[in-house]
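# Breakdown of the fold
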Amino acid sequence: MTGVRMGVQMESDSRLYAWVRVAFWAGLVVSLGLIVAGFIWLGVGDGLPAEMTFGRVPSLAAGGPAMLVTLGVLVLLATPAVVVLLAAIHFMVARETAYVAVSLAIVAMLALSVVLGLL
């Protein structure tokens, strides 16, 4: 690998690392904001409603604080998948087919685990 090509590769990698860092921070901040807002709403409201079912996605349909907390947890769980998708896009642009295949395989395994977890 020539020095020029190596420099371009390092610059490309540093851009990927910057996007990964932004994605992780954004996922963390949005998730934390939703969870905190849900618990504040819960504290201000009439207490714990009967339909509040933490740990189950159907609590999204219940609305209220349960919806915010569940949505926050789902955003937190989805953040690594978004990062892997960003990496896959980066590898597609760089024409790194082996890394694209590995990234997409990881996304497929994450999607399968979500589907199996909901059954």
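Residues numbered from 1 in each chain as written. Predicted model: local features only at pLDDT ≥ 70, side-chain atom pairs only at ≥ 80, totals over all residues. Heavy atoms only, no water.

### Section: the overall build of the chain
Secondary structure assignment for the chain yields four helices and zero strands. Sequence-ordered secondary structure for the chain, helices as α and strands as β, is α-α-α-α. Relative to its full complement of 119 residues, the chain shows a buried share of 24%. If you take every contact in the chain between residues at least 6 apart in sequence, the share linking residues at least 24 apart comes to 55%. (Helix = DSSP H or I, 4+ residues; strand = E, 2+ residues; numbered from the N terminus. Buried < 20%, exposed > 50% of the residue type's maximum accessible area, 1.4 Å probe, protein only. Contact = heavy atoms within 4.5 Å.)

### Remarks on the nonpolar core
In terms of nonpolar packing, the biggest core is built from seven residues, these being Leu16, Val20, Ala23, Val83, Ala87, Phe91 and Val100. Mapped by element, the contributors of at least two residues to this core are helix H1 (3–44) and helix H3 (64–93). Here Ala23 is in contact with Thr79, Val83 and Leu86, once residues within four sequence places are set aside. (Core = buried A, V, L, I, M, F, W, Y, C linked by side-chain atoms within 4.5 Å.)

### Regarding a nonpolar patch on the surface
A surface patch of nonpolar side chains, about 420 Å² in accessible area, is lined by Trp25, Leu28, Val29 and Leu76. Here the nonpolar patch takes three residues from H1, the largest share from any one element. You can call Leu76 partly exposed: its relative accessible area is 42%. (Patch = residues over 30% accessible without salt bridge, like charges linked within 9 Å, V, L, I, M, F, W, Y side chains within 5 Å. Areas by Shrake-Rupley, 256 points an atom, 1.4 Å probe, with all protein chains shown as cover. Salt bridge = Lys/Arg side-chain N within 4 Å of Asp/Glu carboxyl O.)

### With respect to unusual backbone geometry
Positive phi, close to 60°, is recorded for Arg95, a residue that is not glycine. Assessed through its relative accessible area of 73%, Arg95 is described here as exposed.

### Topic: the environment of Ala87
Assignment of secondary structure puts Ala87 in helix H3. By relative accessible area, which is 14% here, Ala87 ends up buried. If sequence neighbours within four positions are ignored, Ala87 has contacts with Leu16 and Ser103.

### A closer look at the side chain of Ser31
You can see Ser31 is positioned in helix H1. Classification of Ser31 as buried rests on a relative accessible area of 2%. In this structure Ser31 touches Gly72, Val73, Val75 and Leu76, once residues within four positions along its chain are discounted.

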